[in-house]
Amino acid sequence: MAATDYERTQLKKSLHEMGLPQKIGYFFSYYTIHFILAVLAVVIITASLVRSLTRKEVLLYIALTNTAIGSELESELTDAFLSASGFDSRKNEIELYKELYISNDPAQENHEYAYASSLKVMAAINAEKMDLVLMNKESYDVFSGSGYLQDLTALLKDSALLDTLEPYLVQNEVTLADNSLDVALGEAAETEIVTETVTNAVNVSALPAFRKAGFPADIYIGAIANSPREGAIIRYLAYLTS
């Protein structure tokens, strides 16, 4: 105990005799690890707090497939919708998935791009983070045939919006059964494909915002079948026609 007290006395004496540079050097020599850990803890806590305070709630996830839009239309599809619906853009947002290329028969130079886009689409749908898809006819055929799109007459059956959208609703084929793979594997003799016609998209080309954008061909919007945000989808479709 006496030795410990002596050492403490000597340490205090030594520190008292040190100049400022020596004291700083002593501090970093003995407390570097503690200092680094403390700084890291402050950085992590600060970053978590900032992220928590600035994180926005995503109201809708919208994919743009085989479709590019300009800044003006993008603003109308995102910020203008938030404003018209009474949402604070500082706390809410519409998330867009851009530059997706979907095709059943992509050209050789686009094959890897189409494959990567398909994986992104499937991952987003499986995670329930895709609600609407804005698409050209080729992409629409793929989404419809794969059964990714909701029947809009069923979605809007209790909404007055159905009558408003009636002139713009379009139908497409949905594949219910397809044994093409079995035929290719020799497990079936004849190809049998069962389909049904479903009203599963809105041709938005004639709507004001899209007409001004000057698309060279028809553009469609459809609702993803497993979306958990059906109320927001209906509100968004109403906004597009308002």
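Residues numbered from 1 in each chain as written. Predicted model: local features only at pLDDT ≥ 70, side-chain atom pairs only at ≥ 80, totals over all residues. Heavy atoms only, no water.

Chemist: Can you help me understand the nonpolar core in this one?
Modeler: In globular proteins that are soluble, nonpolar side chains generally tend to be buried together. In terms of nonpolar packing, the biggest core is built from 34 residues, with L60, L134, F210, I221, Y236 and L240 touching the most fellow members. If we skip the residues at most four places from it in the chain, F210 touches L73, L77, L134, V204, S205, F215 and L240. Counting residues in each nonpolar core, the second largest holds 17 residues, with A124, M130, M135 and F143 among its members. (Core = buried A, V, L, I, M, F, W, Y, C linked by side-chain atoms within 4.5 Å. Buried < 20%, exposed > 50% of the residue type's maximum accessible area, 1.4 Å probe, protein only. Contact = heavy atoms within 4.5 Å.)

Chemist: Help me understand the pattern of salt bridges, please; the structure alone is not making it clear to me.
Modeler: Pairs can form between side chains of opposite charge once their charged atoms are near each other. Within this structure, the stated rule accounts for 5 salt bridges. In this structure, the salt-bridge partner of E74 is K98, at a minimum N-O distance of 2.8 Å. A residue pair is termed long-range when its members are at least 10 positions apart, and E74 in helix α3 (residues 71-77) and K98 in strand β2 (residues 92-100) qualify at 24 residues. Note that R90 is salt-bridged to D88, the shortest N-O span being 3.0 Å. A residue is classified by how much of its surface remains accessible, and R90, at 66% relative accessible area, is exposed. Given a relative accessible area of 24%, D88 falls into the partly exposed group. (Salt bridge = Lys/Arg side-chain N within 4 Å of Asp/Glu carboxyl O. Helix = DSSP H or I, 4+ residues; strand = E, 2+ residues; numbered from the N terminus.)

Chemist: I keep staring at the packing of aromatic side chains and nothing clicks. Help me out?
Modeler: Think of a pair of aromatic rings as described by two things: how far the centres are apart, and how the planes are tilted against each other in angle. By the definition in use, this model includes 8 aromatic pairs. For the ring pair Y101 and Y113, a centre distance of 6.0 Å and an interplane angle of 25° mean the geometry is stacked. Within this pair, whereas Y101 is found in the loop between β2 and α5 (111-126), its partner Y113 is found in helix α5, the two being separated by 12 residues in sequence. Taken together, the ring pairs in this structure connect F81, Y236 and Y239 into an aromatic cluster. (Phe/Tyr/Trp six-rings, centres within 6.5 Å; stacked < 30°, edge-to-face > 60°.)

Chemist: Got a minute to help me understand α5 in this structure?
Modeler: Note that an α-helix has 3.6 residues per turn; residues three or four places apart therefore point the same way. Between its first and last C-alpha, α5 extends 23 Å over 16 residues, near the 22 Å set by a 1.5 Å rise per residue. Restricting attention to buried positions, one finds in α5 the residues A114, S117, V121, A124 and I125. Seen from one end, α5 has its buried residues packed into an arc of 95°, which puts them on one side. Counted as exposed and oriented over 90 degrees from the buried face of α5: E112, Y115 and N126. Where α5 is buried, its residues touch β2 and α6 (137-145). Looking at the residues trailing α5, positive phi occurs at E128, about 60°. (Expected span 1.5 Å × (residues − 1). Arc of directions from axis to C-beta.)

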